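Notes for the structure review
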Amino acid sequence: MAKGKREERKKNMLGCLDDEAVLEAYYRSIELNLDEDFIFILKQELDQRNIHIDPKKQNVS
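Keep in mind that this is a model prediction, so the values were computed, not measured. (Residues numbered from 1 in each chain as written. Predicted model: local features only at pLDDT ≥ 70, side-chain atom pairs only at ≥ 80, totals over all residues. Heavy atoms only, no water.)

**Remarks on the packing of helix H2 (residues 19-31) against helix H3 (residues 36-48)**
Interhelical geometry of H2 versus H3 gives an angle of 150° and a closest axis separation of 9 Å. Considering the angle they form, H2 stands roughly antiparallel to H3. The hand of the H2/H3 crossing is left-handed. Across from Val22, Leu23, Ala25, Tyr26, Ser29 and Ile30 in H2, the residues of H3 making contact are Phe38, Ile39, Leu42, Lys43, Glu45 and Leu46. (Axes fitted to C-alpha atoms, helices over the stretch in contact; angles between N-to-C directions. Helix = DSSP H or I, 4+ residues; strand = E, 2+ residues; numbered from the N terminus. Parallel < 35°, antiparallel > 145°, perpendicular 65-115°, else oblique. Left-handed = near helix turned anticlockwise from the far one by under 90°. Contact = heavy atoms within 4.5 Å.)

What follows is the structure in structure tokens.
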């Protein structure tokens, strides 16, 4: 499957999640050092929903 199609499918699936679930997925993805593209998609979804990201939680060591 082409990268663009994968990203579009991921974005469509995020619509089923509530704001808190997307935010938690974003923070956990950073903590677990998951794929940067996946984190980027989550960040885009949060931006689209106008959800504030706590910079302190973004920098997990």
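**A closer look at the pattern of salt bridges**
Applying the stated criterion across every chain yields a total of 4 salt bridges. The partner of Asp47 in a salt bridge is Lys43, and the shortest N-O contact between them spans 2.8 Å. Of this pair, Asp47 and Lys43 both sit in helix H3, 4 residues apart, roughly one helical turn. Given the relative accessible area of 39%, Asp47 is considered partly exposed. A residue is classified by how much of its surface remains accessible, and Lys43, at 27% relative accessible area, is partly exposed. Salt-bridge contacts for Glu45 lead to Arg49; the nearest nitrogen and oxygen are separated by 2.7 Å. Residue Glu45 is classed as buried on the basis of its relative accessible area, which comes to 9%. When salt bridges with common partners are traced through the structure, they connect Asp19, Glu45 and Arg49 into a single cluster. (Salt bridge = Lys/Arg side-chain N within 4 Å of Asp/Glu carboxyl O. Buried < 20%, exposed > 50% of the residue type's maximum accessible area, 1.4 Å probe, protein only.)

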